[in-house]
Amino acid sequence: MRLDKYLKVSRLIKRRTVANEACDAGRVMINDRVAKASQDVKVGDIIEIGFGNKAVKVEVLDIRETTKKEEAKEMFRYL
């Protein structure tokens, strides 16, 4: 699954366009490498997102095309 879509479906970022912009600005990293929005996300990947002066680091546990709000938290684990 594309990185920008995963960030939206997992609700780490609310909108896909915002996820795209974050990737273009170099604020999203997968496994310690700057990632483009089109990069594939796999189970076990470590995603780090820079939000202003803080960073969120998560591990991908599951990949789904769609999910409910309550189930979105099961797609990743905070590190």
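This section reports on the structure supplied with the text. (Residues numbered from 1 in each chain as written. Predicted model: local features only at pLDDT ≥ 70, side-chain atom pairs only at ≥ 80, totals over all residues. Heavy atoms only, no water.)

When you line up the elements, M29 lands in strand β1 (residues 28-30). Expressed as a C-alpha distance, the spacing of M29 and K5, which sit 24 residues apart in the sequence, is 15 Å. Ignoring sequence-local partners within four residues, the contact set of M29 consists of V34, A35, I46, I47 and E48. (Helix = DSSP H or I, 4+ residues; strand = E, 2+ residues; numbered from the N terminus. Contact = heavy atoms within 4.5 Å.)

Take the sheet that holds strand β4 (residues 54-60) next. In sheet architecture, strand pairing relies on hydrogen bonds along the backbone and comes in two forms, parallel and antiparallel. Sheet architecture is open: 5 strands sit in the order β2-β1-β3-β4-β5, paired in antiparallel fashion. The sheet terminates laterally at β2 (33-34) and β5 (76-78), the two strands that pair on one side only. Pairing of β4 with β5, which is carried by 3 bridges, proceeds in the antiparallel orientation. Residue pairing across strands places E59 opposite R77, the latter belonging to β5. (Pairing = 2+ DSSP bridges.)

Next up on the list: the nonpolar core. Core analysis: the biggest nonpolar cluster contains 22 residues, and L3, Y6, L7, V28 and I47 have the highest contact counts within it. Where this core is concerned, the elements lending two or more residues are α1 (3-9), α2 (16-24), β1, β3 (46-51) and β4. Top element by residues in this core is α1. It accounts for 4 residues. (Core = buried A, V, L, I, M, F, W, Y, C linked by side-chain atoms within 4.5 Å. Buried < 20%, exposed > 50% of the residue type's maximum accessible area, 1.4 Å probe, protein only.)

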